[in-house]
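Observations on the model geometry
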Amino acid sequence: NAGVMQNPRHLVRRRGQEARLRCSPMKGHSHVYWYRQLPEEGLKFMVYLQKENIIDESGMPKERFSAEFPKEGPSILRIQQVVRGDSAAYFCASSPPSGSTNEQFFGPGTRLTVL
Amino acid sequence: AQSVTQPDIHITVSEGASLELRCNYSYGATPYLFWYVQSPGQGLQLLLKYFSGDTLVQGIKGFEAEFKRSQSSFNLRKPSVHWSDAAEYFCAVGPFAGNNRKLIWGLGTSLAVNP
C-alpha cells in the first residue's frame, strides 16, 4: 500500500506565476489535510477536505489560495500569483474514513521556492 | 479554546542521556493524542498515539509517552537518546469521534543530540 504521494517534490516559480501542488492520499483514505511549514516554524493548518467537499478552510489565506479534492484524482492546492512569502514546504496528510483511527499519514512535502 | 502547548522550543541532550519532551493540551472532548517526528527535509512520521486503555504507550524507535488526564499532559520519553533522534517533534490532539477529524498541533520541539 503506497503512502501519501505528493508532487512535485520541489517547485520553483517566479513572482506572479501559479503554483499547483498535488496530493494523492493513501488508498482508502477519504480525508485530506494541507499544511504549510515556514523555515524554522511549526506546521500551520491550511485546509481539510473530504471527497468533493471542503470541511474546514480556516487556515487558508482569503486570496490567491484554493484547494480541491475531486471525486477522481488527487487533491490540488493552487496558489495564484505567487509572492516570495509563499516560499515554504507544503505538506499533505490523509486519514481513513470516520469510524476508524484518526491518525494522519503525511506525504514527503512539496518545497516551493518563489524567485 | 483547543490548544496544544510544547513548552520547550529547543532541547539539547547528550547521546545516551534520557529524554523527556513535554506536551500539554486543552481540549473539550475525549482526546486522541499523537506524537510525530520530522527529520530535516522530511515529512512527518507517527511515533505513537493514545486514545484509551493503558496510559503508558509504546511507540517506534524506543519512544514511549504517558497520558496524564489530571495534568492534561502527554509527555514523550526515551531512556537513552541516539544521535539519529535529532529531529523536530510535534504533539497533536484530535477528536476521538465525530466527522471533523482536524488535529490541533503544537509548535514543535527541536531536539539536538551532542556526541
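The preceding data block contains the structure.
Residues numbered from 1 in each chain as written. Chains lettered and ligands numbered in written order. Predicted model: local features only at pLDDT ≥ 70, side-chain atom pairs only at ≥ 80, totals over all residues. Heavy atoms only, no water.

1. Some details on the sheet that holds strand β7 (residues 65-68) of chain A
Residues and elements named next belong to chain A.
- Spatial strand order, β1-β3-β8-β7: four strands in an open sheet with antiparallel pairing. Edge positions in the sheet fall to β1 (5-7) and β7, since each has one partner strand and no second. In this sheet, neighbouring strand axes are inclined to one another by 15° on average, regardless of whether the strands run parallel or antiparallel.
- Two elements, strand β3 (residues 19-24) and strand β8 (residues 75-79), share five bridges in a ladder whose sense is antiparallel. Bridging from a neighbouring strand, leucine 21 pairs with leucine 77 of β8. (Pairing = 2+ DSSP bridges. Helix = DSSP H or I, 4+ residues; strand = E, 2+ residues; numbered from the N terminus. Axes fitted to C-alpha atoms, helices over the stretch in contact; angles between N-to-C directions.)

2. Description of the environment of glycine 16 of chain B
Residues and elements named next belong to chain B.
- You can see glycine 16 is positioned in the loop between β2 (10-14) and β3 (19-21).
- Residues glycine 16 and valine 113, 97 residues apart in the sequence, show an inter-C-alpha distance of 9.2 Å.
- If near-sequence neighbours (up to four positions away) are discounted, glycine 16 is found in contact with Pro79, Ser80 and Val81. (Contact = heavy atoms within 4.5 Å.)

3. Regarding the side chain of aspartate 85 of chain B
Residue and element names in this part refer to chain B.
- Within the secondary structure, aspartate 85 sits in the loop between β9 (73-78) and β10 (87-95).
- A polar side-chain atom of aspartate 85 sits 2.8 Å from a polar atom in the side chain of lysine 78.
- Residues in contact with aspartate 85, not counting those within four places in the same chain, are Phe63, Lys78, Leu111 and Val113. (Polar contact = N/O pair within 3.5 Å; in protein donor to acceptor, adjacent residues only side chain to side chain.)

Don't take any of this as a statement about function, it's just geometry.
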